Every structure is written in structure tokens, then in C-alpha cells.
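Working through the structure, step by step
Now for the letters of each chain:
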Amino acid sequence: MTEAWTDHALKALRAACHTADGPSLLALLHTHDPASVLQQCGDALTAAVFRGMPGGRETAIACTSTLRERGWPGDEVLAEQLDTVGGGAVLVLRPLPVDLEELSGLLEGDPAWGGGRIDLDTGECQPALADTEESWDEDEPESTERWLHVPCAGSRDAYRDMEDFISTLDDQDLARFLGIAIQGPGAFRRFKDMLATSPAQLRRYWLFAAERQYGRARAWLADQGYRPAPPGGH
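In short, a report on the structure. Computed from a prediction, not measured in an experiment: that's the story for all the values here.

Analysis parameters
- Residues numbered from 1 in each chain as written.
- Predicted model: local features only at pLDDT ≥ 70, side-chain atom pairs only at ≥ 80, totals over all residues.
- Heavy atoms only, no water.
- Phe/Tyr/Trp six-rings, centres within 6.5 Å; stacked < 30°, edge-to-face > 60°.
- Helix = DSSP H or I, 4+ residues; strand = E, 2+ residues; numbered from the N terminus.
- Buried < 20%, exposed > 50% of the residue type's maximum accessible area, 1.4 Å probe, protein only.
- Patch = residues over 30% accessible without salt bridge, like charges linked within 9 Å, V, L, I, M, F, W, Y side chains within 5 Å.
- Areas by Shrake-Rupley, 256 points an atom, 1.4 Å probe, with all protein chains shown as cover.
- Salt bridge = Lys/Arg side-chain N within 4 Å of Asp/Glu carboxyl O.
- Lys, Arg positive; Asp, Glu negative; His and termini not counted.
- Charge placed at Lys NZ, Arg CZ, Asp CG, Glu CD.
- 1 Å grid on protein atoms, 1.4 Å probe; cavity = no way out; pocket = protein on both sides within 12 Å on 5 of 7 lines; lining within 4 Å.
- Points joined across faces, edges and corners; volume = space filled by probe spheres on them.
- Nonpolar A, V, L, I, M, F, W, Y, C, P; charged D, E, K, R; others polar.

**What to know about the packing of aromatic side chains**
Taken as a whole and assessed by the stated rule, the structure comprises seven aromatic pairs. When the ring of F165 is compared with that of Y205, the centres are 5.3 Å apart and the planes differ by 75 degrees; the resulting orientation is edge-to-face. Separated by 40 residues along the polypeptide, F165 in helix 7 (residues 156-166) and Y205 in helix 10 (residues 199-223) bring together distant segments of the chain. Accessibility expressed as a relative area gives 4% for Y205, which makes it buried. Between the aromatic rings of F165 and F208, the centroid separation amounts to 5.6 Å while the plane-to-plane angle is 65 degrees, which identifies the pairing as edge-to-face. Residue F165 is located in helix 7, and its partner F208 is located in helix 10; the two are separated by 43 residues in the primary sequence. In terms of burial, F165 and F208 fall into one category: buried. Through a chain of ring-to-ring contacts, the aromatic side chains of W72, F165, F191, Y205, W206 and F208 assemble into a single cluster.

Given below as C-alpha cells:
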């Protein structure tokens with residue numbers, strides 16, 4: 001039986017992904033439910049498989065099956081990536097050292113900020129500045145191919161995440177109260193305030209929402225011909 005993701009375990013997972021610590025990553029995925037964090041750690045797992053880490057390919061096969069069964073946006077992209085690396089083939093999408101969380105912020109943030117752009121040299125995500133007269137053109141390099149512009153679709157998908165999360169709850173009273181909370185303006189704040197009464201469900205929601213957001217960002221990036229570069233740049 002797998003353990004629930006605690007704050008301590010999630011901190012260890014992020015550290016393992018950031019430092020490309022394959023053994024620690026695989027150990028955490030073996031003792032915890034990987035389905036809750038696949039989009040968040042998929043690129044570090046890709047790197048572990050690429051480096052021939054013991055147990056990496058077997059873990060990737062199991063995760064690929066989970067991704068395809070789940071079928072959220074971005075899941076098939078990541079499944080194909082793990083399949084490709086596991087089979088020893090070359091990945092087609094170009095690696096870009098972009099942070100999926102930051103990219104998600106550009107894609108799904110406040111539309112008033114107008115999305116942003118990614119520096120293709122560094123992977124840095126830069127938000128647009130809608131309330132300033134400063135133009136990016138002033139600092140634009142001679143080659144505009146350096147930048148990948150990112151549109152902003154707003155919060156519709158994030159709202160749908162709340163609806164879909166509610167449908168997963170076994171606690172019917174909590175589900176009913178949350179369903180009421182998301183009606184009308186201020187839905188996100190009321191939803192989170194209500195969910196805060198159940199810390200375990202709040203943590204589960206943050207993982208659920210992060211998986212969905214990272215997956216949508218991954219899918220958008222793949223449509224542009226790129227993939228997040230795993231630790232080590234492979």
C-alpha cells in the first residue's frame with residue numbers, strides 16, 4: 001500500500017527533481033502514489049530512465065500506463081516521452097529549460113496581464129506588463145526567434161478543475177458545500193476557504209490542480225514543438 005503525500009514527502013520530491021537525484025525520486029515514487037505527481041516529476045523521471053537508473057525503466061512503464069488511463073491534457077505527451085526514452089529512441093520535441101509552474105501562470109493567469117513570453121535561450125518566463133507603456137521592442141534582440149510568445153486563456157480551466165475535484169469527493173456534505181461556494185464572483189477564494197476546513201483534502205486538491213495545470217502547460221509547449229528539459233538537459 002502506498003503512503004499519502006505529506007508536505008515533507010513533497011518537499012523531498014521537489015528536491016529530488018531539482019537536483020536530478022534519481023535514486024531518491026524512484027524511492028519516493030515506489031512508496032507513494034505516483035499518479036498524484038506524474039506531471040510534476042515526469043521530466044526528472046525521464047532523466048533517470050535516460051541515465052539507465054536501476055528501476056527507472058520499470059517505474060516509467062508503470063507511470064506511462066497510469067498516464068494513459070487517466071488521459072488528462074498533457075498526459076499522452078508525457079507518456080510518449082517516457083516511452084521514447086525507455087525504448088532508447090531520440091526525443092523529437094526540442095528541450096527547453098522552462099518551469100511548467102511559471103508557464104502555467106502565464107497561460108492561466110489574469111487576462112489583464114496578457115500572457116507573456118519565454119526566452120528560448122534561458123527558458124525564463126516573462127509576464128506581459130499591461131499597465132505600463134514600456135515596450136518589449138526596446139530590448140528586443142536582433143533575432144526575434146529568441147522569444148516564444150505565450151497567450152493567456154484566463155481561469156476557465158482552473159474553474160473546471162474545482163468542479164472536477166468536487167466530483168471526486170466521497171464526503172457528500174463537503175462536496176455540496178463546495179458546489180455552493182464556487183457559484184458567482186469570488187468562487188476561488190470561497191472554495192479554498194471552505195476546503196481549508198479539511199487539510200487532507202486541501203493538500204489533495206493542490207496536487208490535483210497542479211497536475212492539471214502542469215499537464216496543460218506541457219500540452220501547450222508540445223504544440224509549439226518543445227518539451228521541458230529534464231535535469232541534466234537531455
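**Thoughts on a negative patch on the surface**
A cluster of like negative charges, contributed by D99, E101, E102 and E124, occupies part of the molecular surface. By secondary structure assignment, the location of E101 is in helix 6 (residues 100-108). For E101, a relative accessible area of 52% puts it in the exposed group.

**A look at empty space enclosed by the protein**
The probe, sized like a water molecule, is rolled over the atoms to show the empty space still left. A complete count under the given rule lists one cavity of 30 Å³ or more for this structure. As a volume, the largest cavity reaches approximately 40 Å³. Lining the largest cavity, in full, are A16, C17, A20, D21, G22, L25, A44, A47, A48 and R51. Ranked by the residues each element gives to the lining of the largest cavity, the list is headed by helix 3 (residues 38-50), at three residues. Among the residues forming the lining of the largest cavity, the class breakdown is seven nonpolar, one polar and two charged.

**Some points on the pattern of salt bridges**
Taken as a whole, this structure holds 16 salt bridges when the rule is applied. Its salt-bridge partner being R218, residue D43 comes within 3.0 Å of it at the nearest N-O pair. With a gap of 175 residues between them, D43 in helix 3 and R218 in helix 10 connect regions that are remote in the sequence. Measuring nitrogen to oxygen at the nearest pair gives 3.6 Å for the salt bridge that ties D173 to R176. With D173 and R176 both in helix 8 (residues 172-181) and three residues apart, the pair spans about one turn of that helix. In this structure R176 comes out as partly exposed when scored by relative accessible area, which is 46%. Taken together, the shared-partner salt bridges connect E108, D157, R160, D161, D164, R212 and R216 into one network.

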